[in-house]
Amino acid sequence: MSEPLLPPIGMLAELTHRCPLQCPYCSNPLELLKANRELDTQTWLDLFSQAADLGVLQVHLSGGEPTLRRDLEQLIAGLSARGVYTNLITAGVGIAEGRIEAFAEAGLDHLQLSFQGARPATTDRIGNHKGGHEKKLETARRARAAGLPLTINAPIHRHNIEEVPEFIDLALSLGAERLEIANVQYAGWALTNRDQLMPERAAVDRQAEIVAAARERLTGIMNIDFVTPDYFAIYPKPCMGGWARDAFMVAPDGTVLPCHAAQTIPSLSFERFGPRSLAEIWTDSPAFNAFRGTDWMLEPCRSCERREIDWGGCRCQAMAIAGDAAATDPACAKSPIHARMAMLIDEAQRAAAVPSNDEQFVYRRIGVVTEPA
Ligand code: SF4
Ligand code: FES
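Residues numbered from 1 in each chain as written. Chains lettered and ligands numbered in written order. Predicted model: local features only at pLDDT ≥ 70, side-chain atom pairs only at ≥ 80, totals over all residues. Heavy atoms only, no water.

Attention now goes to the nonpolar core. Counting residues in hydrophobic clusters, the biggest one holds 106 residues, and the most contacted among them are Met11, Trp44, Phe48 and Leu61. No other element matches helix α1 (residues 41-54), which puts seven residues into this core. Contacts of Leu61, omitting those with residues within four sequence positions, involve Ala13, Leu15, Phe48, Pro66, Leu72, Ile76, Leu79, Thr86, Asn87, Leu88 and Ile89. (Core = buried A, V, L, I, M, F, W, Y, C linked by side-chain atoms within 4.5 Å. Buried < 20%, exposed > 50% of the residue type's maximum accessible area, 1.4 Å probe, protein only. Helix = DSSP H or I, 4+ residues; strand = E, 2+ residues; numbered from the N terminus. Contact = heavy atoms within 4.5 Å.)

Shown next, in the form of C-alpha cells:
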C-alpha cells in the first residue's frame, strides 16, 4: 500500500431502501432491500458506537428515505452522544408533524433536502409523487424554524438542467446555506435510465457558466457545490475521495461497502457488520483493500501525476464501461476507451430524440429488478 492506512472520517448510513419517491436517477442498487432486511435499532447503535471508536467524525443518515425509520430520533441521539456530526439526507416528503423538531432536539446538526425540480411539476413528475414539491417547501421551512442549517440538493439531468437558475433562486428563498448542483452519476437506477437522463452538451456548458457566475455573485451569501458530469469531463473525480480511503457506507442490512455501486463489481465480496467488527472490515476486508492507495493501478494511472489527486477515478464506472474495475476510469482523457463516453452521449441523444423514448423512465421500485441497458 502506498500510504499508511488512516481511520475513516465519514460514513454514509443507508438506513432503509424504502422511499415514497421513485426517482429514476437513484443511486441505490437495482435490487432494493425490503424492510425485513434492515438492521434493528440496537445494531445500528452498536455500529455507530464502533464507527465513533474507529475515528468517524460525521455520519450522513440516508436511504431511501431515512425518516421512514421510526427510531431515527434514537439513532441521532446515539450519534450525538458520541460527539459525531450528523447530517440527515431526506426527500422531505411525508415527515410527520413534530418530527423535524424532535430530530433537532435529539442533536441533529444539519439537514440536506433534495428537490427533483425547481418547478412543482418537475419535482412531482421526476419523483413520481403528486404534491411532493409543496411538501418539500414545508420541510425546508420547518427545518429552518427548528434552527437547522439547510443544504438544498439538486440532482441535475436532461429534464431539469434548464431549471438551474431557478434552483439557485429556490435555495436562496428557503434560506439554504448551501446548494448542491449535482449532475447525476450513472450508477444504480441512473445507469438503467442513462439514455433518458443524459443532458445535451450545450446545456451542460450553459449550466457551468450559470453556476460560475452565481458563485461569484453569491460569495458570502450561499455556497454552491458543483458536481460536474463525468461523461463530459476530461479528468475523473476522486470517487468517495478514493476507494476505502477516508469514508465508507453501510447498506440497510449492515453490508459495509466502499461506495454505492461496489456490489456491481463481481470479483469482490462484501462483509456484514455483526459477524465482523467495523474495525476488522475497514482494515482487513479484501474488498476494501482491493483498490486502496495506488499499488493496484495499471498504466496510464500508475505513472500519472494525478494518481493521488483522483485515485484513478471511479472503480464502478470502470467496471460498467470498460468491463474491468481495475481499468482507468473511462471519464479520463488518458483512458484508451475515453472516446466511448462521447459515443454513449451520442447514443443517449439519438435515443432521446425518438419522441416515444423521451421520459420513458424506469421508475425506482422495490421488488422490480431491471438489468441496466
Ligand atoms: Fe487520474 Fe488515472 Fe487519468 Fe491519471 S490516468 S488522470 S490517475 S484516471
Ligand atoms: Fe464505486 Fe465510484 S461508485 S468507486
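That was the structure; now back to the text.
Taken as a whole, this structure holds 19 salt bridges when the rule is applied. Taking the shortest distance from any N to any O, the salt bridge between Glu200 and Arg158 comes out at 3.9 Å. You can see Glu200 sitting in the loop between α8 (194-197) and α9 (201-217) and its partner Arg158 sitting in the loop between β5 (150-156) and α6 (164-173), a full 42 residues away along the chain. Between Lys334 and Glu305 there is a salt bridge whose closest N-O contact spans 3.6 Å. Here the residue Lys334 occupies a position in the loop between α13 (315-322) and α14 (339-353), and Glu305 occupies one in the loop between α11 (286-289) and α12 (307-310), the gap between them amounting to 29 residues. (Salt bridge = Lys/Arg side-chain N within 4 Å of Asp/Glu carboxyl O.)

The immediate surroundings of ligand 1 are formed by Tyr235, Pro236, Pro300, Cys301, Cys304, Arg306, Arg307, Asp310, Gly312, Thr328, Cys332 and Lys334. The residue makeup of the shell around ligand 1, split by class, is six nonpolar, two polar and four charged. (Near = heavy atom within 4 Å. Nonpolar A, V, L, I, M, F, W, Y, C, P; charged D, E, K, R; others polar.)

With that settled, the discussion passes to the UniProt feature "domain: Radical SAM core" (unreviewed entry) in the protein chain. UniProt records the feature "domain: Radical SAM core" (unreviewed entry) at residues 5-222, using the numbering of this structure. Helix makes up 41% of residues 5-222 and strand 16%, with an end-to-end C-alpha separation of 35 Å. (UniProt positions renumbered as here; feature names shortened; annotations may be inferred.)

With that settled, the discussion passes to the pairing of β5. Burial analysis of β5 places seven of its seven residues in the buried class, which makes it a mostly covered element. As paired elements, β5 and strand β6 (residues 178-183) share six bridges and run parallel to each other. Pairing of Thr151 across the sheet is with Arg178, part of β6. Regarding topology, α6 serves as the crossover connection from β5 to the parallel β6, and that connection is right-handed. (Pairing = 2+ DSSP bridges. Right-handed = clockwise from strand over helix to strand, strands pointing away.)

Listed as buried for α6 are Val164, Phe167, Ile168, Leu170 and Ala171. Looking down the long axis of α6, one finds its buried residues gathered within 165° of arc, a one-sided arrangement. Of the surrounding elements, those touching the buried residues of α6 are α5 (132-145), β5, β6, α9 and β7 (223-227). (Arc of directions from axis to C-beta.)

Take α1 next. Under the 1.5 Å per step criterion, the end-to-end length of α1 is 20 Å for 14 residues, consistent within 8% with the ideal 20 Å. Among the residues making up α1, those that are buried are Thr41, Trp44, Leu45, Leu47, Phe48, Ala51, Ala52 and Leu54. Summarising the contacts, the buried residues of α1 are in contact with β1 (10-14), β2 (58-62), α2 (72-81), β8 (247-250) and α10 (278-284). (Expected span 1.5 Å × (residues − 1).)

This paragraph deals with the sheet that holds β7. Strand order in the open sheet made by the nine strands is β7-β6-β5-β4-β3-β2-β1-β8-β9, with mixed pairing throughout. At either margin of the open sheet sits one strand with a lone partner, and together these are β7 and β9 (256-257). In terms of strand pairing, β1 meets β8 through four bridges, oriented parallel. Within β8, the position partnered with Ala13 by the bridge is Val250. Strands in contact with α1 are β1, β2 and β8; relative to β1, the strand with the most contacts, it is inclined by about 170°. (Axes fitted to C-alpha atoms, helices over the stretch in contact; angles between N-to-C directions.)

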